Amino acid sequence: MNPTTVRPTWSVGEHGLSGTRDGTTAALDPACPADGLTVGPFAGSACRLLAVELGAAPALIDHWVRGDDVVAVYEPADARRLRTTAMWRWLESGVAAPAGTAAWLVVVSAQTALLDSDPRITVDSRIPGNCVRWAASTADPPRWRVGADPVANAALVRGPDQRSVLIAVHPADRRSFTVGIAPDRVTVRCGLFSSRVEKGVLLRGRVLAAVGPTAGDDAWASRLLDHLDAEPPPLTA
């Protein structure tokens, strides 16, 4: 790693963890995975990214900070008996994340103590704005299109303050990808784990979020999609 790179400093506060890099601040409460990362400043509106929905209120049984990563382990209180680990990683500026952007990756892992269970988990992001373009990572290069695309795995939302937000699920991990557009807010839902899970099987899925300037957003977003596509299979990383 370049020794001059400024790494985010996660600090413990009253309501969880917070960190700042290149003028972008992110906050995360590991006890509330469904709130995700609160990212700002963003024209006074909350931008919540990479929220992990685990069904019935999960019990946080452990969490820790390791470098750029915040890792949390959950035992949901429902019949699925699905133990889940979420790792939110702040990607390194200028390497994975192009200059002028801030980017995060959540890696969600799930396994069950039952012989057979339903592993479906959704990663949500709620973004100020209403202008959306779609892309599929399988395009070369990714082609940003106006209008819903049934095979899309990425959305680029133009919000206030001349800033855009990218949300993308790894194409190998995508179960579903839906975008809801309201007058002042966009909700992106990335569904993971389409098959049922058996005891002893570990599933992992990856979703990326990034904030950057609206000017040239198709270029930096495409670069991040390339980075996501190049991620090694999660069970061998």
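Because the structure is a prediction, the values reported are computed rather than measured. (Residues numbered from 1 in each chain as written. Predicted model: local features only at pLDDT ≥ 70, side-chain atom pairs only at ≥ 80, totals over all residues. Heavy atoms only, no water.)

A. Representation of the pattern of salt bridges. Under the criterion given, the structure shown has 9 salt bridges. A salt bridge links Asp-68 to Arg-21, with the nearest nitrogen and oxygen atoms 4.0 Å apart. With Asp-68 in the loop between strand S6 (58–66) and strand S7 (69–76) and Arg-21 in strand S2 (residues 16–21), the pair connects residues that are 47 residues apart, well separated along the chain. You can call Asp-68 buried: its relative accessible area is 8%. Taking the relative accessible area as the measure of exposure, Arg-21 reaches 2% and is therefore buried. Between Asp-173 and Arg-206 there is a salt bridge, with its nearest N and O atoms 2.8 Å apart. Pair noted here: Asp-173 is in the loop between strand S14 (163–169) and strand S15 (174–181) and Arg-206 is in strand S18 (residues 203–213), with a separation of 33 residues, a long-range link. When salt bridges that share partners are traced, they join Glu-53, Asp-124 and Arg-189 into one network. (Salt bridge = Lys/Arg side-chain N within 4 Å of Asp/Glu carboxyl O. Helix = DSSP H or I, 4+ residues; strand = E, 2+ residues; numbered from the N terminus. Buried < 20%, exposed > 50% of the residue type's maximum accessible area, 1.4 Å probe, protein only.)

B. Main features of the sheet that holds S6. Read from one edge to the other, the open sheet built from 8 strands follows the order S6-S7-S8-S9-S18-S14-S13-S12, with strand pairing classed as antiparallel. Unpaired on one side and paired on the other, S6 and strand S12 (131–135) mark the two borders of the sheet. Shown here is a sheet whose adjacent strand axes are inclined to one another by a mean of 15°, direction ignored. The pairing of S6 with S7 spans 8 bridges and is antiparallel. Bridge assignment links Arg-66 to a residue of S7, and that residue is Asp-69. (Pairing = 2+ DSSP bridges. Axes fitted to C-alpha atoms, helices over the stretch in contact; angles between N-to-C directions.)

C. Expanded view of the sheet that holds S15. Across the sheet, 8 strands lie side by side as S1-S2-S3-S4-S5-S11-S16-S15; this open sheet has antiparallel pairing. Looking at the sheet topology across the chains shown, the edges are occupied by strand S1 (11–13) and S15. The sheet shows a mean angle of 20° between the axes of neighbouring strands, taken without regard to direction. Of the strand pairs in this sheet, strand S4 (residues 37–40) and strand S5 (residues 47–53) are connected by 3 bridges, and their pairing is antiparallel. Of the residues in S5, the one forming a bridge with Leu-37 is Leu-49.

D. Up close: the packing of aromatic side chains. Enumeration according to the criterion identifies 2 aromatic pairs in this entry. Ring plane angle 65° and centroid distance 5.6 Å describe the contact between Trp-10 and Trp-90, whose orientation is recorded as edge-to-face. With Trp-10 in the segment before S1 and Trp-90 in strand S8 (residues 82–90), the pair connects residues that are 80 residues apart, well separated along the chain. Using a relative accessible area of 1% as the deciding quantity, one classes Trp-90 as buried. Judged by centre distance (5.4 Å) and plane angle (50°), the rings of Trp-90 and Trp-104 are tilted. You can see Trp-90 sitting in strand S8 and its partner Trp-104 sitting in strand S9 (residues 102–112), a full 14 residues away along the chain. Trp-104 carries the same exposure label as Trp-90, and that label is buried. A network of ring pairs unites the aromatic residues Trp-10, Trp-90 and Trp-104 as a single cluster. (Phe/Tyr/Trp six-rings, centres within 6.5 Å; stacked < 30°, edge-to-face > 60°.)

E. Representation of helix H1 (residues 217–229) in the model. Counted at 1.5 Å a residue, the expected span for H1 with its 13 residues is 18 Å, and the 18 Å between its end C-alpha atoms agrees. Within H1, the full set of buried residues consists of Asp-217, Trp-220, Ala-221, Ser-222, Leu-224, Leu-225 and Leu-228. The elements touched by buried residues of H1 are S9, S12, strand S13 (154–158), S14 and S18. (Expected span 1.5 Å × (residues − 1). Contact = heavy atoms within 4.5 Å.)

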